[in-house]
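Per-entry structural report
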Amino acid sequence: MLNINPTNKKMILSVDGGGVRGIVTIAMLAELERQTGKTCTEMFDMVAGTSTGAIIAAGIGLGISAQELLQEVYRTRLPQAFRSQPRGVLLYLKYLLGGLRNFYDLQPFIEALAPFAQGKQIKDFSKPIVFMTTRDVRTANTYYIVSKGPGAGRFAYWPISGAVGASGAAPVYFAPVLGNLIDGGVGLTGNPCLVATVEAMEYIGAAEGFVDGNVIHYSLGTGYPPRTYVDGAGGRFWLLEWVRYIINQTLDDTTLEQVFMTRKIYDKRVDFRRYNPYIQTESVRDVLGISLTGRPDPSSIGSGLEDFEQPQIELLEEIGRIYATKVDWTESGYLPWLDSGPDKGDGRDGGHPLPGIADTNWVGSAYI
């Protein structure tokens, strides 16, 4: 069996937001459980999440295995809930008649963990410590919902299901919880790795063993999609395309920045490791070795709820499981664009490219 923590350090798990692509992450964790012979509840001392990551964090905090979360929540409850809501033209008609406020009812999201969280409050979490994010539109502040430490008292009596719903109440998709609380990913915490590290190291600290040199942090993404366009595409964008571009790039940039900032700030204090498969079509096919014949294009699967269909679910799960067999879960300081194998440079660990500036050809530009 794989031993990812031979020196018995404190373990943090943080999970990004990403809607349906949370299936990639929960499948990665289910495979990690298989390799180690332990559940995530047993492996981790603190679990943090935003949006779909909050479902995963809260589920682990309730003692549910990743495999059970995959089966009961991501394969069954969420798809059934969203398939029962209006689709296609009826969905847009509902949106129009509802005053252009939100497409979906939030209740299925709130009830995703209902069989496990019924009647339970944040104070009922024991081990691991649970950390979730949500944003209050009244003050533009992000709340860090935590079950232990100096910040725990404020959220002790929040219902777990309500907190998960608040963390996932993505604007336009869902109405704010209590009219005020929206997805924690609005702002900087779609990837909660930095704020979770700060909470553990600076606030919870030595009381729970989170001290320098004694912490391993696993940060898991929900898949890194390509965001590239052909030459001159920006000159043809119209309003909706610009809105999509700005939202996607902002989410991608802030997610990546949290990784870099965590590594920079806690480089000598925390063994920070990042895992995030590249879900570009050629990479999934050639690096992960997944046949795509007759299947959805993985790069087209977004974070939206409209992709909670069986073919998409099966493909995302396969991506997560196979990626989890290729990465090195034991390597200190692991990053998804570093190939640690003897044949360095082939992207065997998942094909994730090194973030950087694209090679752009400016020849013939009228401006330079």
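Residues numbered from 1 in each chain as written. Predicted model: local features only at pLDDT ≥ 70, side-chain atom pairs only at ≥ 80, totals over all residues. Heavy atoms only, no water.

What about the packing of helix α1 (residues 22–36) against helix α13 (residues 310–326)?
For clarity, the threshold we go by: Helix axes are fitted to C-alpha atoms over the stretch in contact, other axes to C-alpha atoms as well, and angles between N-to-C directions run from 0 to 180 degrees. Secondary structure elements follow DSSP: runs of H or I of four or more residues count as helices, runs of E of two or more count as strands, with numbering from the N terminus. Angle categories: roughly parallel below 35 degrees, roughly antiparallel above 145, roughly perpendicular from 65 to 115, and oblique for all the rest. Put simply, a crossing is left-handed when the front helix is turned counterclockwise from the back one by less than a right angle, and right-handed when it is turned clockwise. When checking whether two residues touch, look at their non-hydrogen atoms; a contact exists if any pair is within 4.5 Å.
The interhelical angle for the contact between α1 and α13, taken along N-to-C directions, is 45°, at an axis separation of 7 Å. Taken together, the axes of α1 and α13 are oblique relative to one another. Two packed elements cross with a definite hand, and for α1 against α13 that hand is right-handed. Counting all contacts with α1, which are made through Ile23, Val24, Ala27, Met28, Ala30, Glu31 and Gln35, the residues of α13 involved are Ile313, Leu316, Glu317, Gly320, Arg321, Tyr323, Ala324 and Thr325.

Focus on the pattern of salt bridges
When the charged atoms of two side chains lie near each other, side chains of opposite charge can form a pair. The cut-off we apply is this: When a carboxyl oxygen of Asp or Glu lies within 4 Å of a side-chain nitrogen of Lys or Arg, that pair is called a salt bridge. Using a 1.4 Å probe on the protein chains alone, a residue whose accessible area is under 20% of its type maximum counts as buried, one over 50% counts as exposed, and one in between counts as partly exposed.
Inspection of every chain in the model, using the stated rule, returns 14 salt bridges. Between Glu202 and Arg269 there is a salt bridge; the shortest N-O distance is 3.0 Å. Here Glu202, found in helix α10 (residues 193–204), pairs with Arg269, found in the loop between α11 (239–265) and β7 (271–275); they are 67 residues apart in sequence, far enough to count as distant. On the basis of relative accessible area, Glu202 is assigned to the partly exposed category, the value being 40%. The exposure class of Arg269 is partly exposed, given its relative accessible area of 24%. The partner of Arg269 in a salt bridge is Asp212, and the shortest N-O contact between them spans 2.6 Å. Pair noted here: Arg269 is in the loop between α11 and β7 and Asp212 is in the loop between α10 and β6 (215–220), with a separation of 57 residues, a long-range link. The exposure class assigned to Asp212 is partly exposed, which follows from its relative accessible area of 48%. Salt bridges linked by common partners bring Arg75, Glu317 and Arg321 together as one network.

Remarks on the confidence of the model for the chain
Stated formally: pLDDT runs from 0 to 100 and stands for how confident the predictor is about each residue.
With 85% of its residues at a pLDDT of 70 or more, the chain shows a mean pLDDT of 86. Here residues 340–348 is modelled with pLDDT under 50, and outside its nearest four sequence neighbours on either side it reaches 14 contacts, counting other chains as well. Overall, residues 357–368 carries pLDDT values under 50, and its contacts beyond four positions in sequence, including any with other chains, amount to 1 contact.

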